[in-house]
Amino acid sequence: MKNLGNLNVYAVRLLPKTEAIAPGHRACQGCAEVLAVRLVGKALGRDTVVACATGCMEIISSPLPTTSWRVPWIHVAFENAAAVASGVEAGLKVLMRKGRIPKKKINVLAMGGDGGTSDIGLQALSGALERGHNFLYVCYDNEAYMNTGIQRSSSTPFGAATTTSPAGKVKPGQVTWKKNMPEIAVAHNIPYVATACPSYPFDLMEKVKKAAKVDGPAYVHVLSVCPTGWRLPPDLSIRAGRLAVETGIFPLYEVEEGRYKLSVEVPKLRPVEDYLKIQGRFRHLTPDLIEKIQERVTKDYNKLLAKVRFSEEMS
Amino acid sequence: MPKRVGMEVSIGASEAVRLANVDAIAAYPITPQTHIVEHLSEFVANGELDAEFIPVESEHSAMSVCCGTSAAGARTFTCTSSQGLALMTEIVFIASAMQLPIVMILANRSLSGPLSIWNDHTDVMLVRDCGWIQAFGENGQEIFDLTLAAFKIAEDHRVVLPFMVNMDGFILSHVIEPIEILDQETVDKFLPPFKPVYRLDPDNPVTMGAFAMPDLYTETKKYQDERLKASLPVIEEIWKEYGDLTGRYYHPVETYKAEGAKTLFITMGSFGETASTAVDTMREEGEAVGLCKIRLWRPFPYEAFWNAMKGVENLIVIDRATSYGGPGGPVASEIRSALYTMENPPKVVDFIAGLAGRDVAPGDYKAMYKRAQERIASGDIAGYEIYGVRE
Ligand SMILES: Cc1ncc(C[n+]2csc(CCOP(=O)(O)OP(=O)(O)O)c2C)c(N)n1
Ligand code: SF4
Ligand SMILES: [Mg+2]
C-alpha cells in the first residue's frame, strides 16, 4: 500500500506532543471517533478554537464542572456548529482588524457527528461554506446518532441495523444508501475537501494540516468507527477502519481546488464481505444483499476513479 | 449639539447600532425588521461602520453566529421578527444561559398561522422565559435610546446578559418620526468598547457550553435567575446615566396621569401613545383614569409595579397575545400573579386587543373602559375577553 511509505517520514515519536483533548474523557473503549478528535487536535496545535456540535464528542468531553478541552471550546447546540464557527471566525477577524486582540493565525475548527453534519446541521454548514469563512469543518462520521442510542442517520450505510432502522422480518435494516457528504461539500466549490480515517493517522493529520492552511472553508469527512454502535469488539476498531478503505467502501481521497486525488490507492479491492462480516450491525445480511452492496460499492468506487483520472488529465 | 431629525424609526435604530460601533452583525431578512438590516449592511458596505456583516442563511444561524461572535469577544447585534424569532428560539435560550451579551431588536410581529406580517406581541411572548433582559419602546426616540443603552447594560460586568429591545412592527419600524441622534463623541464617552469577562482565546483557553447533570443543572439555573434579577438596579443606574446625558430618563414602569386615578390601563410598547391620548379625553370627561406602561418586562420590576398600584381600584390590561385556553393573556396573568401578595389589590380586567395589526384607536380604549366597568359591576372579571371581534 502506497501510503504506508509515510510511516518512514512520520515515526510515531515525531508526532506533536500537544493535545487539544485531555485523557480522562468518557468515550467508550475502542472509540475511533475520539481518536480522530485527538489526531485532529494534534495536527492543529494550541492556536485553535473549537465549535462543537451536540453529540458523543461533546458529551464525553464536557460534563460540568470539568472539561477535557485544552483549547478554547464552545458548544451551543446540535445543528449549528458551522454557524457558531462562522461567528467565531468573523469575531476574531474583526477584533484583529480593529486592533483589539493581537494578530495571529488562529485555526477555527467546527466539528460535528454525521447527524449534526449531514442531517440537522446541513443547512448551517452549507451556509458557512457558501459564505467562505476561513474555517475547517470536520465531520466525525460514525454512521448513526450514537449519542442518543444508535438511531439511523442519512449517513448510515445500506443494510446496517440501527435502533430506528432495525433488521426485521420484512426490512433489512437501513434501506437507503449513505448520503455522499464529501460530494456535497465539493459542490460548494470550496478550496479543500478530504476524506480520512484514524486507522490512517498520518494521512488524517496531513489532511487536517492542509485544510487549516487553505484560505477559505475546508471540509474533512472522517470515518470514525464506533464499536458500541457497530456491534464490534473494541479491539477491532482500527482494523475495521482499514477494511473500510481496503474494500473501497470508504475511499480516502482529497479534492483540492476541485481536483480529485486518491490518498490511498488500493490496487485490488477486497470483497465488502470482509468488512461487513466483523460487524454485528450487518449480521443479518443475506448473500444477495451483500452482493447488492458489492455492486454499489464497485460502481461508486469506479465513479471516484473516473473523477481522479479526469482531474489528472485536466492538470 | 445633538440634532432632532425626521427619519424612519428603523433608520434611527440602525444609527444607534452604528454609533455603538458594533463589531459583528448577523441577521436574516423578515418583514418588518428588514429596513434595519438593510441600513446596517449599507453602513458596512460604505465603510461607515467597521463590522463584520454575516448574511446568514436562516435566523437559527443568525443567533448561532451571534453566539460565536460574542464568545469571540465582539460586540454583537441582530434583529428579527415573528417567524424568525420562532426559528431561532432554541438558540435564544442558550445565549442567555451562556451569558453572551448580544443585543437584539425584535420588530414585533404576529406569529403564523394564519400568516400575518402585522404587529402584535405574540412573538416576544413566545420567548418570555428565555432569560434575556426584555424592554419595550414606545416611539422612535425610545427605540434609539434603549438600543444604545442596551449595549452598555448587557456588557456591564455585573450583568453580562443578552438584551432584547421590543419595537412594534410597522407602527414604529416603518414610520417617520423626529429622532435626536447623539454624536459619536458623546456615545463613545457613554459606551466604551466591549470588554468580555471571558472570550475564546487560545492563550487562555476556556470551555463554554458544557452540559450539566442533574446534580448541577438546578444550580446553574438558580445562578442564571439571580443574575437576571440582579440586573435591575444596573438597568436603572445606566438608564439614569443616559438620562443625565440626554435629558431623557427611562424607568422600568412609567405612569401617565396616574395621580388620583381609580382605573389604570396597562400597556406595553407603542400602544402607550394612543392610550395616553385616550386617557387625556377621558380625563376631560371626568373619568378618574390613568395609564401604567411596563417598559421593562424582564426582569419584572415588582417594586416599581407595586408602587404604581397603590390606591388603584381597577386595572385594564391590554394584552397583545393569547394564551389559548389559559387563565388570561400573558401580561394579565403575570400582573394578577404579581398582585396576589398585595393588600387590597386592584381588580384586573383583561382584554386581548390589537392582534396582527388590528387598529386600537382612542375610542376603543373608551369602549374597553366601559365594558370593564360593566364586568366589574357584575363581578365577571375572570379570564380574558378578545376585544373587537367582528360579528
Ligand atoms: C434539535 C435537536 N434535536 C435532537 C437532539 C438530540 N440529539 C443529540 S445528539 C444526537 C445525535 C448525534 O448524532 P451525531 O451527530 O451523528 O453524533 P454522534 O453522537 O453519533 O457522534 C441527537 C439526535 C438535540 N440535541 N437537538
Ligand atoms: S458510542 Fe461510539 S462514538 Fe460514541 S463514545 Fe462510544 S464508541 Fe465513541
Ligand atoms: Mg454519528
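No experiment lies behind these values; they were computed from the predicted model shown. (Residues numbered from 1 in each chain as written. Chains lettered and ligands numbered in written order. Predicted model: local features only at pLDDT ≥ 70, side-chain atom pairs only at ≥ 80, totals over all residues. Heavy atoms only, no water.)

Right, let's get into the overall build of chain A. Broken down by element type, chain A carries twelve helices and eight strands. For 315 residues, the compact-globule estimate of 2.2 N^0.38 gives 20 Å, and the C-alpha radius of gyration of chain A, at 19 Å, lies within 12% of that figure. In terms of overall dimensions, chain A has C-alpha extents of about 65 × 50 × 40 Å along its principal axes. A buried classification covers 58% of the 315 residues belonging to chain A. When contacts within chain A are restricted to residue pairs at least 6 apart in sequence, those whose partners lie at least 24 apart make up 70%. Entry remark: accessible area of chain A is about 13,000 Å², with carbon and sulfur atoms responsible for 56%. (Helix = DSSP H or I, 4+ residues; strand = E, 2+ residues; numbered from the N terminus. Rg over C-alpha atoms; globule rule 2.2 N^0.38 Å. Buried < 20%, exposed > 50% of the residue type's maximum accessible area, 1.4 Å probe, protein only. Contact = heavy atoms within 4.5 Å. Areas by Shrake-Rupley, 256 points an atom, 1.4 Å probe, with all protein chains shown as cover.)

Across chain A, pLDDT averages 96, with 97% of residues at or above 70. Of all the helices and strands in chain A, helix α1 (residues 6-9) of chain A carries the lowest mean pLDDT, 52, while strand β6 (residues 218-223) of chain A carries the highest, 99. (pLDDT = per-residue confidence, 0-100.)

All residues in the neighbourhood of ligand 2 are listed as A27(A), C28(A), C31(A), E33(A), C56(A), N142(A), M146(A), C226(A), P227(A) and T228(A). Classifying every residue of the shell around ligand 2 by side-chain character gives seven nonpolar, two polar and one charged. (Near = heavy atom within 4 Å. Nonpolar A, V, L, I, M, F, W, Y, C, P; charged D, E, K, R; others polar.)

On to the nonpolar core, then. Across soluble globular proteins, nonpolar side chains show a tendency to be buried alongside one another. Membership of the largest hydrophobic core comes to 126 residues, with the highest contact counts inside it found for I74(A), M63(B), F305(B), M309(B), L315(B) and I335(B). It is helix α4 (residues 81-97) of chain A that provides the largest number of residues to this core, a total of eleven residues. Counting residues domain by domain, this core receives three or more from each of domain 1 (3-246) and domain 2 (253-386) of chain B. L315(B) has contacts with L264(B), I266(B), F305(B), M309(B), I335(B), L339(B), P346(B), K347(B), V348(B) and V349(B), leaving out every residue within four places of it along the chain. With 53 residues, the next largest nonpolar core counts V37(B), I105(B), I133(B) and L191(B) among its residues. (Core = buried A, V, L, I, M, F, W, Y, C linked by side-chain atoms within 4.5 Å. Domains from an automatic or database assignment.)

Right, let's talk about the sheet that holds strand β4 (residues 76-80) of chain B for a bit. All names here are of chain B. Here we have seven strands laid out as an open sheet, ordered β3-β2-β4-β5-β7-β6-β13, and mixed in their pairing. Edge positions in the open sheet fall to β3 (52-54) and β13 (296-298), since each of these has one partner strand only. Strand after strand, the sheet turns through a mean of 20 degrees between neighbouring axes, direction not considered. Of the strand pairs in this sheet, strand β5 (residues 103-108) and strand β7 (residues 163-168) are connected by six bridges, and their pairing is parallel. Paired with L106 across the strands is N166, a residue of β7. Across the face of the sheet, helix α4 (residues 82-97) comes into contact with β4 and β5 while running at roughly 145 degrees to β5. (Pairing = 2+ DSSP bridges. Axes fitted to C-alpha atoms, helices over the stretch in contact; angles between N-to-C directions.)

The pairing of strands in a sheet happens through backbone hydrogen bonds and is either parallel or antiparallel. Strands sit in the order β8(A)-β7(A)-β5(A)-β6(A)-β4(A)-β3(A)-β1(A)-β2(A)-β9(B) across an open sheet of nine strands; the sheet is mixed. Each edge of the sheet is formed by a strand with only one pairing partner; in this case those strands are β8 (259-262) of chain A together with β9 (207-208) of chain B. Bridge analysis of strand β5 (residues 192-196) of chain A against β6(A) gives five bridges, and the strand direction is parallel. Pairing of T195(A) across the sheet is with H221(A), part of β6(A). Relative to strand β3 (residues 107-113) of chain A, α4(A) is tilted by about 175 degrees, and along the sheet it contacts β1 (48-52), β2 (73-75), β3 and β4 (136-141) of chain A.

Here the focus is the domain arrangement of chain B. All names here are of chain B. What the domain assignment lists for chain B is domain 1 (3-246) and domain 2 (253-386). A straight line from the C-alpha centre of domain 1 to that of domain 2 covers 28 Å. Counting residues at the interface gives 29 residues for domain 1, matched by 24 residues for domain 2. Both sides together, the interface formed by domain 1 and domain 2 hides about 2,100 Å², and carbon and sulfur atoms give 60% of it. Our count for the contact surface shared by domain 1 and domain 2 stands at five salt bridges. Salt-bridge contacts for E334 lead to R128; the nearest nitrogen and oxygen are separated by 3.0 Å. Run the count over domain 1 and domain 2 and you get 14 residue pairs in polar contact (both at pLDDT 80 or more). At the level of elements, α5 (122-126), β6 (133-136), α6 (140-155) and α8 (214-246) are the ones that each hand at least two residues to the side of domain 1 that touches domain 2. In terms of residue count, the dominant contributor to the side of domain 1 that touches domain 2 is α8 (six residues). Its residues assigned to classes, the side of domain 1 that touches domain 2 shows 13 nonpolar, nine polar and seven charged. (Buried area = accessible area lost by both parts, 1.4 Å probe. Salt bridge = Lys/Arg side-chain N within 4 Å of Asp/Glu carboxyl O. Polar contact = N/O pair within 3.5 Å; in protein donor to acceptor, adjacent residues only side chain to side chain.)

This next bit is on the site of ligand 1. Close to ligand 1 lie 18 residues; E33(A), C56(A), D114(A), G115(A) and G116(A) are nearest. Surrounding ligand 1 are residues belonging to chains A and B, so the site spans chains. The separation between an oxygen atom of ligand 1 and a polar main-chain atom of C56(A) is 2.8 Å. Measuring from an oxygen atom of ligand 1, one finds a side-chain N or O atom of D114(A) at 2.9 Å. Surface burial for ligand 1 is 78%, taken as the share of its 590 Å² of free accessible area covered by protein chains.

Right, let's get into the coordination of the magnesium ion (ligand 3). Protein-derived ligands of the magnesium ion (ligand 3) are D114(A) (OD), N142(A) (OD1) and A144(A) (O), with the metal-ligand distances lying across 2.0 to 2.1 Å. Accessibility expressed as a relative area gives 4% for N142(A), which makes it buried. (Donors = N, O, S within 2.8 Å, 3.2 Å for Na, K, Ca; no water.)

So, on to the interface of chain B and chain A. With 43 residues of chain B at the contact, the number on the chain A side is 44 residues. A salt bridge links E57(B) to R131(A); the nearest nitrogen and oxygen atoms lie 3.0 Å apart. The tally of links between chain B and chain A comes to 19 residue pairs in polar contact (both at pLDDT 80 or more). When contributions to the side of chain B that touches chain A are tallied by element, the ones reaching two or more residues are β3, α3 (59-72), α4, β9 and α8 of chain B. Here the element with the most residues in the side of chain B that touches chain A is α3(B); it accounts for nine residues. Across the side of chain B that touches chain A, the residue classes tally to 24 nonpolar, eleven polar and eight charged. As paired elements, β2(A) and β9(B) share two bridges and run parallel to each other. Residue pairing in the sheet places W73(A) in a bridge with T207(B) of β9(B).

On to α8(B), then. The α-helix winds at 3.6 residues per turn, so residues separated by three or four positions along the chain end up facing the same way. All names here are of chain B. Between its first and last C-alpha atoms α8 spans 48 Å; for 33 residues at 1.5 Å apiece the expected length is 48 Å, and the two agree. The sharpest bend along α8 comes to roughly 30 degrees, located at L232, with the proline P233 sitting one to four residues further on. Taken as a whole, α8 has its buried residues at Q224, R227, L228, S231, L232, V234, I235, I238, W239, Y242, G243 and T246. Its buried side turned inward, α8 meets α4, β6, α6, β7, α7 (184-190) and β13. Phi turns positive one or two residues past the end of α8, at G247, with a value near 85 degrees. (Expected span 1.5 Å × (residues − 1). Bend = angle between axes of the 7 residues up to and from the residue.)

Within the structure shown, the criterion is met by 17 aromatic pairs over all chains. Judged by centre distance (6.5 Å) and plane angle (80 degrees), the ring pair of F78(A) and Y145(A) falls under edge-to-face. Taken together, the residues span a long stretch of sequence, with F78(A) in the loop between β2 and α4 and Y145(A) in the loop between β4 and α7 (181-186) at a distance of 67 residues. Under the relative-accessibility criterion, F78(A) is labelled partly exposed at 30%. Centroid distance Y253(A) to Y260(A): 6.1 Å. Interplanar angle 25 degrees. Geometry classified as stacked. Looking at Y253(A), the relative accessible area reads 5%, which means it is buried. Grouped by ring-pair contacts, the aromatic residues W297(B), F300(B), Y302(B), F305(B) and W306(B) constitute a single cluster. Above the face of the F190(B) ring, K152(B) is positioned so that its terminal group lies 4.8 Å from the ring centre. Positioned above the aromatic ring of F271(B), the side-chain terminus of R320(B) is 3.7 Å from the ring centre. (Phe/Tyr/Trp six-rings, centres within 6.5 Å; stacked < 30°, edge-to-face > 60°. Lys NZ or Arg CZ within 6 Å of the ring centre and 35° of its normal.)

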